[in-house]
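# Structure assessment
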Amino acid sequence: MLVTGKEILVPAREGKYGVPAFNTNNMEITQAIIHTAEKLEAPVMVQMSEGAIKYGGQDLANIVKDMAQRAKIPVALHLDHGSSYESALKAIAMGFTSVMIDASHHDFEENIRETKRVVEAAHAMGISVEAELGRLGGIEEHVIVDEKDAFLTDPEEAVQFIEQTGTDYLAIAIGTSHGAYKGKGRPFIDHERIEKIASMTTIPLVAHGSSGVPKEITDRFRTAGGEIGEAAGIADEDLTRAVQHGIAKVNVDTDLRLAASVGVREAFMSNPKEFDPRKWMGPARDVMSEIVAHKLKVLGAAGKA
Ligand SMILES: O=C(COP(=O)(O)O)NO
Ligand SMILES: [Ca+2]
Ligand code: NA
Ligand SMILES: [Zn+2]
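The structure presented is a predicted model; accordingly, all values stated were derived computationally and were not measured.

In terms of regular secondary structure, the protein is built from eleven helices and ten strands. For the C-alpha atoms alone, the extent of the protein along its principal axes is close to 60 × 40 × 35 Å. Long-range pairs, those at least 24 residues apart, make up 78% of the contacts in the protein with a sequence separation of at least 6. Surface accessibility of the protein: about 12900 Å² in total, with carbon and sulfur atoms responsible for 55%. For the protein, the centre of its 33 positive side-chain charges and the centre of its 45 negative side-chain charges are spaced 4 Å apart.

Set out below in structure tokens:
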């Protein structure tokens, strides 16, 4: 069933498990997410970035909403990295049940102002809101945040921010970053910071940049002709620890992108004569489903629907 993000994430924080929020751009990615979550009896969030909305629009949103409504498990449709009040409201008009307003690149006061506006409008329509405080490293959808400007979330500021905005859940910067290159080897996750923020707050916390970039996938990607440098993602054990301390939503995009590309590349490599789209979109879906299943188990969402 299609539900709001709050209905999925409040139980997750209370139950000390995480719910993955996977980005989608088409039918097969959406099927890999929702069908696999159904098989594992897990709640799940499907998110679309502004780029995905540009790419698939209402057509794609309708595929997600319809599949979510028919699903036996709770599913929310979430706007990932909404960059403005207008963007958040447009997503709500499209039927999204959860929206992120990402104003974390503004100063503290401006971030509060922007977020508060969205919270008031979204709550008037019964829609949940995610906000962000702190800056991840890596490339944020619309802001290039290089290492020196990247700053982690201050716990005292987080308490004030939540009180002044009324946001339903909060994305915090704790050492993760977007993309396939999250640092030299295993990225440093500031567990003390997560645990401090969790001890001072009660709303679900969100970890962005949480793809694992598993070696098995990057090896297969290279073997099938893909080119990728020294890629590294967040370790499973860092996620299993983080969800014990307030992290309830875990954003994953890169892993599904890599998995889909492995499926397609392997299909073309193994049969150059193939030109039935189902023969390469199907394998892409299968590899993505393996990644979805792994993440649901690591985060403890399996069996929680
Ligand atoms: O935070 C993410 C995705 O992060 P990854 O690049 O680690 O999948 N989307 O908002
Ligand atoms: Ca941001
Ligand atoms: Na998000
Ligand atoms: Zn993100």
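On we go from here.
Around the zinc ion (ligand 4), the protein supplies His81 (NE2), His178 (NE2) and His208 (ND1) as donor atoms, at distances of 2.0 to 2.2 Å. Counting the intervening residues between successive donors of the zinc ion (ligand 4) yields the motif H-x96-H-x29-H. Here the zinc ion (ligand 4) and the sodium ion (ligand 3) are spaced 5.6 Å apart. Of the two residues, His81 is situated in strand β3 (residues 75-82) and His178 in the loop between β8 (169-172) and α7 (191-200); the sequence distance between them amounts to 97 residues. For the pair His81 and His178, a shared accessibility class is recorded, and that class is buried.

Taken together, eight strands build a closed barrel; the order of strands is β1-β2-β3-β4-β5-β8-β9-β10 and the barrel is parallel. Between one strand axis and the next, the sheet turns by 25° as a mean value, whatever way the strands run. Where strand β9 (residues 205-207) and strand β10 (residues 247-252) come together, three bridges link them in parallel fashion. Residue pairing for β10: Val206 is matched across the bridge by Lys249.

With respect to the element layout, Lys249 can be found in strand β10. Here Gln47 takes part through its side chain, which lies 3.2 Å from a polar atom of the side chain of Lys249. Setting aside chain neighbours within four positions, we find Lys249 in contact with Leu9, Val19, Ala21, Met45, Gln47, His78, Glu130, Tyr169, Leu205, Val206 and Ala207.

Reading the values: rules and limits
Residues numbered from 1 in each chain as written. Chains lettered and ligands numbered in written order. Predicted model: local features only at pLDDT ≥ 70, side-chain atom pairs only at ≥ 80, totals over all residues. Heavy atoms only, no water. Helix = DSSP H or I, 4+ residues; strand = E, 2+ residues; numbered from the N terminus. Contact = heavy atoms within 4.5 Å. Areas by Shrake-Rupley, 256 points an atom, 1.4 Å probe, with all protein chains shown as cover. Lys, Arg positive; Asp, Glu negative; His and termini not counted. Charge placed at Lys NZ, Arg CZ, Asp CG, Glu CD. Donors = N, O, S within 2.8 Å, 3.2 Å for Na, K, Ca; no water. Buried < 20%, exposed > 50% of the residue type's maximum accessible area, 1.4 Å probe, protein only. Pairing = 2+ DSSP bridges. Axes fitted to C-alpha atoms, helices over the stretch in contact; angles between N-to-C directions. Polar contact = N/O pair within 3.5 Å; in protein donor to acceptor, adjacent residues only side chain to side chain.

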